[in-house]
Amino acid sequence: MLSRISPECGPLDYRAVSHLPLNLSPDHIRRGSCWGRPQDLKIAVLASDSKYHRVVGAAMARQHARTLWYDRPKYVFMEFCVEDSTDVHVLLEDHRIVFSCKNADGVELYNEIEFYAKVNSKDSQDKRSGRSITCFVRKWKEKVAWPRLTKEDIKPVWLSVDFDNWRDWEGDEEVELAQVEHYAELLKKVSTKRPPPAMDDLDFTTTVVSCRPAELQTEGSNGKKEVLSGFHVVLEDTLLFPEGGGQPDDRGTINDISVLRVTRRGAQADHFTQTPLSPGTEVQVRVDWERRFDHMQQHSGQHLITAVADHLFGLKTTSWELGRLRSVIELDGPSLTAEQVAAIEHSVNEKIRDRLPVNVRELSLDDPEVEQVRGRGLPDDHAGPIRVVTIKSVDSNMCCGTHVSNLSDLQVIKILGTEKGKKNKTNLIFLAGNRVLKWMERSYGTEKALTALLKCGAEDHVEAVKKLQNSSKLLQKNNLNLLRDLAVHIAHSLRTSPDWGGVVTLHRKEGDSEFMNIIANEIGSEETLLFLTVGDEKGAGLFLLAGPAEAVETLGPRVAEVLEGKGAGKKGRFQGKATKMSRRAEVQTLLQDYISPQSAEE
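Attention in this report is confined to the structure presented alongside it. No experiment lies behind these values; they were computed from the predicted model shown.

**As for the pattern of salt bridges**
Point 1. Tallying each qualifying case throughout the model produces 19 salt bridges.
Point 2. The partner of R212 in a salt bridge is D270, with the nearest N and O atoms 3.2 Å apart. Residue R212 is located in strand β10 (residues 203-219), and its partner D270 is located in strand β15 (residues 268-273); the two are separated by 58 residues in the primary sequence.
Point 3. Residue class for R212 comes out partly exposed when judged on its relative accessible area of 32%.
Point 4. Classification of D270 by relative accessible area gives buried; the value is 2%.
Point 5. Note that E463 and K466 form a salt bridge whose closest N and O atoms lie 3.9 Å from each other. Taken together, the residues span about one helical turn, with E463 and K466 both in helix α6 (residues 461-495) at a distance of three residues.
Point 6. A relative accessible area of 46% means that E463 is categorised as partly exposed.

Here's what the structure looks like:
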């Protein structure tokens with residue numbers, strides 16, 4: 001698509017300037033920013049001063065872009081074949097076209113064509129892809145064949161006939177009309193208000209379209225769900241990616257107001273803020289670049305791993321998740337061997353070192369090439385062209401997410417391993433780019449800490465930990481035996497104590513549920529209320545209430561309530577966890593008050 005007038009056009013009059021709108025399908029929101037490569041495509045329909053531009057063009061001419069053309073009853077089609085073009089200018093007059101740009105290597109390209117016959121410059125349109133810029137120029141005299149593209153009967157070496165698209169006119173008018181109408185439909189949506197933001201823009205100015213009250217459910221610092229009151233702000237255009245396609249949303253600011261969530265609503269992006277913004281207000285939007293670039297690396301990394309796993313082992317990707325710390329690809333297979341994982345990791349990093357370009361282009365729904373593009377289906381509310389992300393010579397995939405422009409931007413991919421997935425599938429866990437560096441930093445920090453604690457080098461950490469585990473298990477076993485012996489001893493001491501009867505209480509800092517149950521089993525009394533606790537005297541711990549079934553059933557929940565804990569019981573026992581052991585005296589009073597009336601009755 002075409003976006004903005006070149007500043008070099010200066011004093012010249014122009015009659016049409018166009019750029020991408022906001023109100024496109026979700027597959028179009030910010031094709032020039034979070035949806036693709038840097039876009040600086042410019043067009044102007046010129047009215048005068050051709051001589052001036054011939055001089056400028058001559059000065060710029062360093063190399064020519066390879067150009068293909070073919071003839072149709074109403075239009076002449078030209079394709080300037082430049083991959084990864086930047087700073088593109090298409091200047092159109094009724095008798096000629098001037099094209100200039102820079103290629104991926106920064107080389108300036110320049111083509112000037114004097115047309116064979118007059119064209120209708122007002123009704124001519126262009127299309128941009130990652131591989132070329134196509135211009136379809138309407139003839140002044142329709143259904144008159146052009147034997148050549150140029151006015152002079154001299155064929156430039158850079159100009160060729162596109163034989164793949166050259167065919168007889170008969171019966172072909174419907175095909176041409178459909179193609180032109182598709183492009184025209186896109187351009188009908190184009191606004192002339194301002195140029196769209198580019199991929200390398202971290203902020204830009206736009207206008208608030210609407211602002212309505214809304215709520216956002218978030219997770220608070222304590223892990224509980226919180227509901228925030230705020231507003232959904234819709235902008236004329238946006239840099240911020242709304243969540244979708246397996247990728248989380250962007251974060252950023254609007255006039256320094258934090259955007260806490262960006263969601264898609266049909267063809268619109270809702271920006272959640274806690275401060276209202278008046279419709280019609282001009283605002284500045286900034287993207288959180290660190291978060292954006294991280295998501296770009298993980299998403300492009302997923303495309304690469306998915307393509308390589310399919311190519312090497314026929315493993316299809318069924319879903320994926322871009323997590324906060326790691327990403328997971330679900331592969332359609334019950335398992336992967338260590339050798340397969342190593343082969344995938346080696347292949348993807350080899351392609352990163354090859355610096356393969358990543359291009360973004362758009363296809364119409366009826367384009368035959370759509371059938372060759374990988375994808376898992378389109379959203380039900382999808383409208384307009386299909387956005388395709390292509391890794392050169394590796395993969396083409398329908399995708400609405402944000403991506404790097406070259407695999408070298410991924411830096412490195414590390415596959416952490418696999419785990420069993422659902423329904424005979426395997427989850428492959430990976431990190432890409434900066435996440436690998438952060439993971440290495442964390443791992444090295446842990447290694448240093450373990451070296452200091454274990455008093456040995458990193459190569460001996462595993463053996464040292466195994467020895468500690470074996471020692472710990474032995475100590476635990478011995479400790480458990482001692483506690484059992486102690487529980488039996490305590491039970492006999494309580495049973496033979498002169499204070500036995502009524503309510504008997506015991507607290508011990510060391511112990512567990514088994515320790516308390518052994519005491520209760522050894523005592524075996526159904527006449528006395530036995531209240532046992534273990535743990536911190538004033539903090540958290542465990543409790544057990546044993547005695548007559550009816551009394552325990554009544555008192556158990558009340559004991560848990562006093563200790564600010566919870567528990568359950570049956571057959572004369574109630575046990576659970578407590579958070580306020582400091583209230584044990586209140587429990588003892590509760591138990592004494594319960595049995596006192598019964599003792600008086602007896």
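**Topic: helix α5 (residues 434-454)**
Because an α-helix completes one turn every 3.6 residues, residues spaced three or four positions apart along the sequence face the same direction.
Point 1. Between its first and last C-alpha atoms α5 spans 30 Å; for 21 residues at 1.5 Å apiece the expected length is 30 Å, and the two agree.
Point 2. R435, V436 and L454 are the residues of α5 that are buried. Down the axis, α5 shows its buried residues gathered within 90 degrees of arc, on one side only. Opposite its buried face, α5 presents the exposed residues E441 and K448, each directed more than 90 degrees away.
Point 3. Against α3 (289-313), β17 (317-322), β18 (327-331), β22 (413-420), β23 (426-432) and α6 lie the buried residues of α5.
Point 4. Downstream of α5 by a residue or two, K455 has a phi angle that is positive, lying close to 60 degrees.

**Comments concerning the environment of D71**
Point 1. Tracing the sequence through the fold places D71 in strand β2 (residues 66-71).
Point 2. Classification of D71 as buried rests on a relative accessible area of 3%.
Point 3. Distance in space between the C-alpha atoms of D71 and W166 is 6.8 Å, their sequence separation being 95 residues.
Point 4. At 2.6 Å, the side chain of D71 forms a polar contact with the side chain of K139.
Point 5. Side-chain polar atoms of D71 contact the backbone nitrogen of W146, separated by 3.0 Å.

**Overview of the nonpolar core**
Point 1. In this structure, L304, I305, I344, L407, I413 and F430 are the most contacted members of the largest nonpolar core, which totals 30 residues.
Point 2. Elements supplying a minimum of two residues to this core: α3, β17, β18, α4 (338-353), β19 (358-363), β20 (386-391), β22 and β23.
Point 3. Tallying contributions element by element places α3 first for this core, with six residues.
Point 4. Ignoring any residue separated from it by four or fewer positions in sequence, one finds I305 in contact with I329, I344, V348, I413, L428 and F430.
Point 5. M78, V90, L92 and C101 belong to the second largest nonpolar core, which has 23 residues in total.

**What to know about the packing of aromatic side chains**
Point 1. Inspection of the entire model under this criterion finds nine aromatic pairs.
Point 2. With 4.9 Å between their ring centres and 5 degrees between their planes, Y70 and F77 make a pair best called stacked. A single burial state applies to Y70 and to F77, both of which are buried.
Point 3. Aromatic side chains F77 and F136 sit 5.8 Å apart centroid to centroid with 20 degrees between the ring planes, which places their arrangement in the stacked category. Within this pair, whereas F77 is found in strand β3 (residues 75-81), its partner F136 is found in strand β8 (residues 133-139), the two being separated by 59 residues in sequence.

**Details of the sheet that holds strand β9 (residues 159-161)**
Point 1. What the five strands build is an open sheet, ordered β7-β8-β3-β2-β9; its pairing is mixed. Either end of the sheet is taken by a strand with one partner, and the two such strands are β7 (119-128) and β9. Recorded for the sheet is a direction-independent mean angle of 25 degrees between the axes of neighbouring strands.

**Looking at the sheet that holds β17**
Point 1. Spatially, the four strands line up as an open sheet ordered β17-β18-β23-β22, and their pairing is antiparallel. Edge positions in the sheet fall to β17 and β22, since each of these pairs with one other strand and no more. Going across the sheet, the axis of each strand differs from the next one's by a mean of 20 degrees, ignoring polarity.

Quick notes on the rules
- Residues numbered from 1 in each chain as written.
- Predicted model: local features only at pLDDT ≥ 70, side-chain atom pairs only at ≥ 80, totals over all residues.
- Heavy atoms only, no water.
- Salt bridge = Lys/Arg side-chain N within 4 Å of Asp/Glu carboxyl O.
- Helix = DSSP H or I, 4+ residues; strand = E, 2+ residues; numbered from the N terminus.
- Buried < 20%, exposed > 50% of the residue type's maximum accessible area, 1.4 Å probe, protein only.
- Expected span 1.5 Å × (residues − 1).
- Arc of directions from axis to C-beta.
- Contact = heavy atoms within 4.5 Å.
- Polar contact = N/O pair within 3.5 Å; in protein donor to acceptor, adjacent residues only side chain to side chain.
- Core = buried A, V, L, I, M, F, W, Y, C linked by side-chain atoms within 4.5 Å.
- Phe/Tyr/Trp six-rings, centres within 6.5 Å; stacked < 30°, edge-to-face > 60°.
- Pairing = 2+ DSSP bridges.
- Axes fitted to C-alpha atoms, helices over the stretch in contact; angles between N-to-C directions.

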